[in-house]
Amino acid sequence: MRKIPAELCVKCKGSKYLCGLSYCPIIERFRSFINVVQGINVNDKSVNGSSPPSVVVGERGYPKVKVMYNVPPNVYGDEARKYEDPLGWWGKATLSDIIGYRSGLLSAVKDQRIEDPWSLYEKEISVSSVSQKPVRYDVLLSSTPDAKLKFDGVIMPRGPSAPLQNIKVNDNASLSRTLEKLIFDDLRASEAVVQAYSQGEDIYKLISAMSMGLLGVKKNRKLVPTRWAITSVDSIIGTFLLGKVKESTRTIDSVSVYYSSYLGNYFHIILYPGNYRSSWIEIWYPLSLWSSETTVVELSENFWGKYEYMDGGYMAARLAVMEKLQKEDIQAGIVIIREITSEYYAPVGNWHIRETVRKAMENKISTFDNVSEAFSFVQDRLKDKKVNLFATRSVSDLVKQKKIEDFFK
């Protein structure tokens, strides 16, 4: 019998699901939806709760977009943090936990033109989205919630949704001094992001600030779809760090392999001697997301920071590696290998890529004299030995590449 991807499964056989998992996400999503709906007064369609905070700007219909305010009904104060907490989730929350948290949020949806971020600022809604602590929302809906859980490969999942009639912010937002200053500054958004990051601002607050139109030259400020804001912030910071890395006159003297895994995603990062260049290799195994057969995808970036196409996952991973190189003031070539297995049965956003690669860069597992040995080492560790790393363009080019000194041997 042909197996069915878990996210599409609607039948089971005994205690064994057709997808091969012991856990059924369909059932859990339904259970979470019931929990949310039970917390709503259907008669007056009013919802109260503290947002983590969590606000998403959609992209469909651009330049008229949907702004989604996410609230866990009847959950207040610090208890609301767990509904959107990438740093707190990593290594602790299972995929089931994260789906449970996200489906426990009610998404109140309002149409908004991107050219008008100021109306949200005046109501303190946009400022509340970058608060360092949960902010209470009082929400009035136009109709009862739609019983769907929305998944996306870049942004976090969203729970049941309903059209918004009115929203009121009932807590004062708590902003960092850095972000509060930049909101009032007339500075290009890219410069503001770099400045805030350099002063220790949380990257997830920067994403929300850019998405809600809180950064940039004031006359040009607009709402930015959250999906775009995530990749944009990763790209801006990664490119800034890359500039610092390329200024370094030090290079590593051996080939190092780093490793970490989370949520069915397995990362090997290889650093090798030489000037900066980067390769991204994704291996999608059967029954993993969007893949019914093993698929290998590649992307390359040269010394000048030019890459073949924009990929949000790569930008998140690149940022994490750049942080490591910039901190150690050293330059290196990079190969990032990501394996996506059937354990990753529902997408939860790019945050887990960024955080897993950050953890990987703290976990060097081996060193080698040359890249061929390093790739052989990683090859033996792949989940499916039928995948041949040496057959990929990125690895083949590196193994065959000769240095100037090789011609004088």
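The coordinates are above.
Anyway, here's the lowdown on the structure attached to this text. (Residues numbered from 1 in each chain as written. Predicted model: local features only at pLDDT ≥ 70, side-chain atom pairs only at ≥ 80, totals over all residues. Heavy atoms only, no water.)

1. Concerning the overall build of the chain
Thinking step 1. Counting secondary structure elements, the chain contains 13 helices and 14 strands.
Thinking step 2. Buried positions account for 54% of the 409 residues belonging to the chain.
Thinking step 3. Looking at the chain alone, contacts between residues at least 24 apart form 73% of all its contacts between residues at least 6 apart.
Thinking step 4. Accessible area of the chain: about 18900 Å², with a carbon and sulfur share of 49%. (Helix = DSSP H or I, 4+ residues; strand = E, 2+ residues; numbered from the N terminus. Buried < 20%, exposed > 50% of the residue type's maximum accessible area, 1.4 Å probe, protein only. Contact = heavy atoms within 4.5 Å. Areas by Shrake-Rupley, 256 points an atom, 1.4 Å probe, with all protein chains shown as cover.)

2. Here's the deal with the sheet that holds strand 9 (residues 255–262)
Thinking step 1. Spatially, 12-11-13-10-9-14 is the arrangement adopted by the 6 strands of the open sheet, whose pairing is mixed. One side of each edge strand has no neighbouring strand; the edge strands of this open sheet are strand 12 (295–301) and strand 14 (364–368). Along the sheet, successive strands turn relative to each other by an average axial angle of 15°, direction set aside.
Thinking step 2. Judged from the 7 bridges that link them, strand 11 (residues 278–284) and strand 13 (residues 333–340) form a sheet pairing that is parallel. The residue of strand 13 that forms the bridge with E282 is R338.
Thinking step 3. Packed onto the sheet, helix 11 (residues 351–360) meets strand 9, strand 10 (265–272), strand 11, strand 13 and strand 14 and runs at close to 135° relative to strand 9. (Pairing = 2+ DSSP bridges. Axes fitted to C-alpha atoms, helices over the stretch in contact; angles between N-to-C directions.)

3. Regarding the environment of K327
Thinking step 1. Positionally, K327 belongs in helix 10 (residues 312–328).
Thinking step 2. Measuring from C-alpha to C-alpha, the distance between K327 and V245 comes to 9.0 Å, with 82 residues separating the pair along the chain.

4. Focus on unusual backbone geometry
Thinking step 1. Residue P52 is joined to P53 through a cis peptide bond whose omega torsion reads 10°.
Thinking step 2. If you trace the backbone, P53 turns up in the loop between strand 3 (46–51) and strand 4 (55–57).
Thinking step 3. Here the residue pair Y62 and P63 is connected by a cis peptide bond, since its omega of 15° sits within 30 degrees of zero.
Thinking step 4. Residue position: P63 is located in the loop between strand 4 and strand 5 (64–71).
Thinking step 5. Look at E124: it is not a glycine, yet its phi comes out positive at around 65°.
Thinking step 6. Counting through the fold element by element, E124 comes out in the loop between helix 4 (118–122) and helix 5 (125–128).

5. Describing the packing of aromatic side chains
Thinking step 1. Going through the model one piece at a time under the given rule, you end up with 13 aromatic pairs.
Thinking step 2. For the pair W90 and Y262, a centre-to-centre distance of 5.2 Å together with 45° between the ring planes defines the contact as tilted. Of this pair, W90 sits in the loop between helix 2 (86–89) and helix 3 (95–103) while Y262 sits in strand 9, placing them 172 residues apart in sequence.
Thinking step 3. An angle of 65° between the planes, with centres 6.2 Å apart, marks the rings of Y262 and W351 as edge-to-face. Separated by 89 residues along the polypeptide, Y262 in strand 9 and W351 in helix 11 bring together distant segments of the chain. Across this residue pair, the class does not change: Y262 and W351 are buried.
Thinking step 4. Taking the ring centre of F303 as reference, the NZ or CZ of K246 above it sits at 4.8 Å.
Thinking step 5. Stacked on the ring of Y266, the Lys or Arg K383 has its end atom at 4.0 Å from the ring centre. (Phe/Tyr/Trp six-rings, centres within 6.5 Å; stacked < 30°, edge-to-face > 60°. Lys NZ or Arg CZ within 6 Å of the ring centre and 35° of its normal.)

6. What to know about the pairing of strand 11
Thinking step 1. Counting buried positions along strand 11 yields 7 of 7 residues, so the element is predominantly enclosed.
Thinking step 2. Of the two faces of strand 11, the one holding S278, W280, E282 and W284 and the one holding S279, I281 and I283 are both buried throughout.
Thinking step 3. In terms of strand pairing, strand 11 meets strand 12 through 7 bridges, oriented antiparallel. Counted as the bridge partner of I281 is E298 from strand 12.

7. Some details on the side chain of S131
Thinking step 1. By the element assignment, S131 lies in the loop between helix 5 and strand 7 (135–141).
Thinking step 2. Looking at S131, its side chain comes within polar contact range of the main-chain nitrogen of S174, at 3.0 Å.
Thinking step 3. Here S131 is in contact with P53, A173, S174, L175 and K205, once residues within four sequence places are set aside. (Polar contact = N/O pair within 3.5 Å; in protein donor to acceptor, adjacent residues only side chain to side chain.)

8. What to know about the environment of M315
Thinking step 1. Its location among the elements puts M315 in helix 10.
Thinking step 2. By relative accessible area, which is 0% here, M315 ends up buried.
Thinking step 3. A C-alpha to C-alpha distance of 9.9 Å links M315 and W280, two positions 35 residues apart in sequence.
Thinking step 4. When residues no more than four places from it in sequence are discounted, the contact partners of M315 are T231, D234, S235, Y307 and M310.

Purely geometric numbers; function is a separate question.
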